[in-house]
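What follows is the residue order along each chain.
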Amino acid sequence: MTSRQQGRRAVVTGLGVVAPNGVGTDAFWKATTQGVSVLDRISREGCAHLPLRIAGQVRDFDPASVIDSRFLVQTDRFTHYAMAAADLAVADAGFTPDPEQPFGVGVVTAAGSGGGEFGQRELQQLWGQGPQFVGPYQSIAWFYAASTGQVSIRGGYKGPCGVVASDEAGGLDALAHAARAIERGTDAVVAGAAEAPLAPYSMVCQLGYPELSLAQQADRAYLPFSSAAVGFSPAEGGAMLLMEDEESARRRGAAVRAHLAGHGATFTGASRWEESREGLAAAIRIALDQARISAEDVDVVFADALGVPAADRAEALALADALGPYAERVPVTAPKAGTGRAYCGAPLLDTAAAVLAMEDGVVPPTPNVTEVCHDLALVTGRARPAELRTALVLSRGLMGSNSALVLRRGEQA
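About the criteria used
Residues numbered from 1 in each chain as written. Predicted model: local features only at pLDDT ≥ 70, side-chain atom pairs only at ≥ 80, totals over all residues. Heavy atoms only, no water. Helix = DSSP H or I, 4+ residues; strand = E, 2+ residues; numbered from the N terminus. Rg over C-alpha atoms; globule rule 2.2 N^0.38 Å. Areas by Shrake-Rupley, 256 points an atom, 1.4 Å probe, with all protein chains shown as cover. Expected span 1.5 Å × (residues − 1). Contact = heavy atoms within 4.5 Å. Core = buried A, V, L, I, M, F, W, Y, C linked by side-chain atoms within 4.5 Å. Buried < 20%, exposed > 50% of the residue type's maximum accessible area, 1.4 Å probe, protein only. Polar contact = N/O pair within 3.5 Å; in protein donor to acceptor, adjacent residues only side chain to side chain. Axes fitted to C-alpha atoms, helices over the stretch in contact; angles between N-to-C directions. Left-handed = near helix turned anticlockwise from the far one by under 90°. Nonpolar A, V, L, I, M, F, W, Y, C, P; charged D, E, K, R; others polar. Pairing = 2+ DSSP bridges. Salt bridge = Lys/Arg side-chain N within 4 Å of Asp/Glu carboxyl O. Phe/Tyr/Trp six-rings, centres within 6.5 Å; stacked < 30°, edge-to-face > 60°. Lys NZ or Arg CZ within 6 Å of the ring centre and 35° of its normal.

Asker: Before we move on, could you go through the overall build of the protein chain and cite the residues and values that matter?
Answerer: A tally of helices and strands in the protein chain yields 12 helices and 16 strands. Taking 413 residues into account, the globule formula puts the C-alpha radius of gyration at 22 Å, and the protein chain, at 20 Å, falls close to it. Principal-axis analysis of the C-alpha atoms gives the protein chain an extent of 65 × 55 × 35 Å. Surface summary for the protein chain: the accessible area is close to 15,600 Å², and the carbon and sulfur share equals 50%.

Asker: Break down helix 11 (residues 309-323) for me, with residues and values.
Answerer: The first and last C-alpha atoms of helix 11 sit 21 Å apart over 15 residues, in line with the 21 Å expected at 1.5 Å per residue. Check the buried side of helix 11 and you find it contacts helix 10 (273-291), strand 10 (300-302), strand 11 (331-333) and strand 15 (390-396). Positive backbone phi, approximately 65°, marks Gly-324, located one or two places after helix 11.

Asker: I'd like to hear about the nonpolar core, residue by residue, with values.
Answerer: Of all hydrophobic cores here, the largest spans 53 residues; its most connected members are Ile-284, Val-301, Leu-319, Leu-323 and Leu-392. Going through the elements one at a time, strand 4 (54-55), helix 10, helix 11, strand 15 and strand 16 (401-409) are the ones with two or more residues in this core. In terms of residue count, the dominant contributor to this core is helix 10 (8 residues). The contacts of Leu-392, once residues within four sequence positions are left out, are Ile-284, Val-298, Val-300, Val-301, Phe-302, Leu-319, Ala-404, Leu-405 and Val-406. Ala-10, Ala-178, Phe-302 and Val-393 belong to the second-largest nonpolar core, a separate cluster that totals 45 residues.

Asker: Explain the side chain of Ser-276 residue by residue, including any values.
Answerer: Looking at the element boundaries, Ser-276 is found in helix 10. A distance of 2.6 Å separates a polar side-chain atom of Ser-276 from the backbone oxygen of Trp-273. With sequence-adjacent residues up to four places away left out, Ser-276 is seen in contact with Thr-268, Ala-281, Ala-314, Arg-396 and Asn-402.

Asker: Any chance you could break down the side chain of Ser-395 for me, citing the residues and the numbers?
Answerer: The residue Ser-395 is located in strand 15 in this model. Classification of Ser-395 as buried rests on a relative accessible area of 2%. A polar contact is formed between the side chain of Ser-395 and the backbone nitrogen of Ala-169, at a distance of 3.5 Å. For Ser-395, the contacting residues outside a window of four places in its chain are Glu-168, Ala-169, Leu-172, Leu-280, Asp-304, Pro-347, Ser-401, Asn-402 and Ser-403.

Asker: Can you break down the packing of helix 10 against helix 11 residue by residue, with the values?
Answerer: The geometry of helix 10 relative to helix 11 is characterised by a closest axis approach of 8 Å and an angle of 35° between their N-to-C directions. Relative to helix 11, helix 10 is oriented so that their crossing is right-handed. Contacts between helix 10 and helix 11 involve Trp-273, Glu-274, Ser-276, Arg-277, Leu-280, Ala-281, Ile-284, Arg-285 and Leu-288 from the first element and Ala-310, Ala-311, Ala-314, Glu-315, Leu-317, Ala-318, Leu-319, Asp-321, Ala-322 and Leu-323 from the second. Its residues assigned to classes, the contact of helix 10 with helix 11 shows 13 nonpolar, 1 polar and 5 charged.

Asker: So what's going on with the pairing of strand 6 (residues 161-164)? Residues and values would help.
Answerer: Side-chain alternation along strand 6 places Gly-162 and Val-164 on a buried face and Cys-161 and Val-163 on a face that remains uncovered. For strand 5 (residues 105-110) and strand 6, the ladder comprises 4 bridges, and the chain directions are parallel. Following the sheet pairing, Ala-110 is matched in strand 6 by Val-164.

Asker: Would you mind going over the pattern of salt bridges in detail, with residue names and values included?
Answerer: In the structure shown here, the tally under the stated rule is 18 salt bridges. Arg-396 is paired through a salt bridge with Asp-304; the nearest N and O atoms lie 2.9 Å apart. Within this pair, whereas Arg-396 is found in strand 15, its partner Asp-304 is found in the loop between strand 10 and helix 11, the two being separated by 92 residues in sequence. In this structure Arg-396 comes out as buried when scored by relative accessible area, which is 0%. Where Glu-315 meets Arg-396, a salt bridge forms, and the shortest distance between an N and an O atom there is 3.3 Å. Separated by 81 residues along the polypeptide, Glu-315 in helix 11 and Arg-396 in strand 15 bring together distant segments of the chain. For the residue pair Glu-315 and Arg-396, the accessibility class agrees, reading buried in each case. If you follow the salt bridges from partner to partner, you end up with Glu-168, Asp-304, Glu-315, Arg-341 and Arg-396 in one network.

Asker: If you had to explain the packing of aromatic side chains to someone new, which residues and values would you point to?
Answerer: Here the structure, examined in full by the defined rule, presents 4 aromatic pairs. Between the aromatic rings of Phe-232 and Tyr-343, the centroid separation amounts to 5.8 Å while the plane-to-plane angle is 90°, which identifies the pairing as edge-to-face. Residue Phe-232 is found in the loop between helix 8 (200-206) and strand 8 (237-245), and its partner Tyr-343 is found in the loop between strand 11 and helix 12 (345-360); the two are separated by 111 residues along the sequence. Considered together, Phe-232 and Tyr-343 belong to a single accessibility category, that of buried residues. Here the basic side chain of Arg-341 rests over the ring of Phe-232, its NZ or CZ set 5.9 Å away from the ring centre.

Asker: Account for unusual backbone geometry, naming residues and giving values.
Answerer: Although it is not a glycine, Arg-292 adopts a positive phi angle of roughly 60°. The phi torsion at Tyr-343 lies on the positive side, around 50°, for a residue other than glycine. Given the relative accessible area of 9%, Tyr-343 is considered buried.

As structure tokens, this is what we get:
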């Protein structure tokens, strides 16, 4: 986040969440603070025979109730989630685009795999019935950039648009990309990520990840930072944020919910978890330096929490390297242990939770984890009241990307 125009700072004014533990911030935050685990057996058609059994599914979500039919037929489930979350974020901010400034609002999303469910259906029709049965939207609905395009078209947002493809960490990178656009002159950006990896083709692709948990019991499938860790459970869903130039937001009377104060990104290679220690620590230092704060200013850490022993160890050591002695005292949490890891959507859900945590003064717990085998002040069991001014959100990708984001509480923006 460099080359900032004089006085322009990116702030968060709206949150939109579509998650396995709730649609909308109220439902999501209530379940998150209560430490509710919604990991369960995958119930999607065609998935029962696969060895991956436990995941976080978005339930009680009817895309037809929130998205026009003409957009539904063009899009995959991952874009349905993104469009719904974008609507929620814009409504939460009370934002109405200025019709006289059609190029003042942009869109940035991140995606790990795109529309696997849509693509599988069309390919089955190709091989089962012939090319005349393949719809015209096959060419775009599976594409990882589809959500950016559809949110932009549907909302009439003609400003700078983009898509970030940098593993799970791309979720945080997308927010940094949006912040830079705002600092360079764009008034507002709808930014975030949502994923839908729970379809047969997508799940078969994920089976190649050695980090994937194949545990059969929901309460034992995803236990980061514990001696019982056996990998991560995947999930669908994500979150979108409305980000604005601070001055523009305050001028229209919007509540500033958080300030994106700093971001750092590095790369250390696929599944090289020992090396991710150095890369993640470097990303944290970059983010802290950019935010102009010290380790003691960090009030809570939302961990990447892969649930792989080597990766968890590397993350704990990276925090020690970057935060020094304070790393053993700062509260750390991993709410995704109860919802699953939604790839690029996972750090966006953590970002939404971090904003809500700072507003409510409470650190949500890490579901299902009862013992911690690393030198971390991991919050387990119950939520912990705390005065929270600054949050650090971490993310690493299976292919080697590392990202760190510093958020500051709204009134301090």
